[in-house]
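Structural features, examined
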Amino acid sequence: MEREFNKNMFIMLAAIMVGAIIITYFVADIVNKSKIDTLTTEHIVEIQGVHSKSENFTDNFLQGSITMDSAREIREVANLNFDFALFWFNNALVKASVWFNNKWVNVTESQIERSIENCTNAMIKYLTSNDKFAESKPYFINAKNFTDNERYIEVLGYYVSFSQIGQDITLLRYNASKFIKQAAENLSLGETENVTLLMENFSMMEELYQIALGGYETLKDQIDEYTFFNEIREEY
């Protein structure tokens, strides 16, 4: 009986130990799975954060670049109108004549009209370009908030400065175009004194423009070196 009792006790203790081991295993497994789930969730959140940051950076940069490119293109067209306006005004100023139908014909009135027309077109396009430069600027400022890369931040600084100086030179050229237009209108009325004063204002505006243009061209060269940051990414 005692031997039978000891045997039963041994079997019972063994069962309890096995049960305890199994329970401990399941508890440990549940704890480990919980840890894995937590780490997986944290990893997913971290990856989503990185993707979101990258997408925001790319979106802001591309939106800013597209808007800035549009500003630059419109400015080039405005410059063409400006050059024609000044050309026709200077010809009208010297009372240029052309040989037509076997006689010299003064075409001052026609030249004044062409000058005024081109001035009007230039002013409209300079204002549009100015608005586009202003619109592009916040995109580059926002893009800085989504990167810690010092080189990216440095280049974005060039874009921000370029947007600002783009606004400056388009506004200066808008005013210069306005002075030519007003001078042409006064020339058509024979108000030569007003023409002289307006052209003096035009000359001062052009001097300021040429100074600002130097900074514009420098920044233009800097940002054109970093199209979509390809050159920077090669270093990493």
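Remember, it's a predicted structure, so these values are computed and weren't measured experimentally. (Residues numbered from 1 in each chain as written. Predicted model: local features only at pLDDT ≥ 70, side-chain atom pairs only at ≥ 80, totals over all residues. Heavy atoms only, no water.)

Observations concerning the environment of asparagine 60
Relative to the assigned elements, asparagine 60 resides in helix H1 (residues 2-93). Judged by its relative accessible area of 8%, asparagine 60 falls in the buried class. Each C-alpha atom of the pair asparagine 60 and proline 138 lies 8.6 Å from the other, and the pair is 78 residues apart in sequence. In this structure, asparagine 60 is in contact with Tyr139, Asn142, Ala143 and Phe146, ignoring residues within four places of it in sequence. Side-chain polar atoms of asparagine 60 contact the backbone oxygen of asparagine 56, separated by 2.8 Å. (Helix = DSSP H or I, 4+ residues; strand = E, 2+ residues; numbered from the N terminus. Buried < 20%, exposed > 50% of the residue type's maximum accessible area, 1.4 Å probe, protein only. Contact = heavy atoms within 4.5 Å. Polar contact = N/O pair within 3.5 Å; in protein donor to acceptor, adjacent residues only side chain to side chain.)

Details of the confidence of the model for the protein chain
Looking at the protein chain, pLDDT values average 80 and 68% of them are 70 or higher. Ranking the helices and strands of the protein chain by mean pLDDT puts helix H2 (residues 108-143) first, with 95, and helix H5 (residues 230-233) last, with 43. Here residues 228-236 scores under 50 on pLDDT; set against residues more than four positions off or in separate chains, the count is 18 contacts. (pLDDT = per-residue confidence, 0-100.)

Concerning the nonpolar core
Core analysis: the largest hydrophobic core is formed by 44 residues, its most contacted members being Phe89 and Phe162. Counting residues per element, the ones that place at least two in this core are H1, H2, helix H3 (150-188) and helix H4 (192-224). Counting residues per element, this core draws most heavily on H3, which supplies 16 residues. Dropping the residues within four chain positions of it, phenylalanine 162 is found in contact with Met68, Arg72, Phe133, Tyr216, Leu219, Lys220 and Ile223. (Core = buried A, V, L, I, M, F, W, Y, C linked by side-chain atoms within 4.5 Å.)

Brief notes about the pattern of salt bridges
Under the criterion given, the structure shown has 3 salt bridges. When the shortest N-O distance is used, the salt bridge between glutamate 154 and arginine 151 registers 3.9 Å. Note that glutamate 154 and arginine 151 are positioned in helix H3 at a spacing of 3 residues, about one turn of the helix. We note a salt bridge from arginine 173 to glutamate 206, for which the minimum N-O separation is 2.9 Å. A residue pair is termed long-range when its members are at least 10 positions apart, and arginine 173 in helix H3 and glutamate 206 in helix H4 qualify at 33 residues. (Salt bridge = Lys/Arg side-chain N within 4 Å of Asp/Glu carboxyl O.)

Observations regarding the packing of aromatic side chains
Tallied over the full model, the rule gives 9 aromatic pairs. On the numbers, 5.3 Å between centres and 20° between planes, the contact of phenylalanine 57 with tyrosine 152 is stacked. With a gap of 95 residues between them, phenylalanine 57 in helix H1 and tyrosine 152 in helix H3 connect regions that are remote in the sequence. For the pair phenylalanine 57 and tyrosine 152, a shared accessibility class is recorded, and that class is buried. When the centroid spacing of 6.4 Å and the interplanar angle of 85° are considered together, the rings of phenylalanine 133 and tyrosine 216 count as edge-to-face. A residue pair is termed long-range when its members are at least 10 positions apart, and phenylalanine 133 in helix H2 and tyrosine 216 in helix H4 qualify at 83 residues. Residue class for phenylalanine 133 comes out buried when judged on its relative accessible area of 0%. Members of the aromatic cluster, connected to one another through ring pairs, are Phe61, Phe140 and Tyr159. Directly above the aromatic system of tryptophan 88 lies the positively charged group of arginine 114, at a separation of 4.5 Å from the ring centroid. Note that arginine 173 overlies the ring of phenylalanine 82, its terminal NZ or CZ placed 3.8 Å from the centroid. (Phe/Tyr/Trp six-rings, centres within 6.5 Å; stacked < 30°, edge-to-face > 60°. Lys NZ or Arg CZ within 6 Å of the ring centre and 35° of its normal.)

Brief notes about the side chain of arginine 75
Topologically, arginine 75 is positioned in helix H1. Take arginine 75: its relative accessible area is 4%, and that puts it in the buried class. Looking at arginine 75, its side chain comes within polar contact range of the side chain of tyrosine 209, at 3.1 Å. Aside from chain neighbours lying at most four places away, what touches arginine 75 is Tyr126, Ser129, Ile169, Thr170, Tyr209, Leu213 and Tyr216.

Focus: the packing of H2 against H3
With their axes 8 Å apart at the nearest point, H2 and H3 run at an angle of 165° to one another. Comparing their axes, H3 and H2 come out roughly antiparallel. Seen from above, H2 lies across H3 with left-handed handedness. Looking at the contact of H2 with H3 residue by residue, the class counts come to 21 nonpolar, 12 polar and 5 charged. (Axes fitted to C-alpha atoms, helices over the stretch in contact; angles between N-to-C directions. Parallel < 35°, antiparallel > 145°, perpendicular 65-115°, else oblique. Left-handed = near helix turned anticlockwise from the far one by under 90°. Nonpolar A, V, L, I, M, F, W, Y, C, P; charged D, E, K, R; others polar.)

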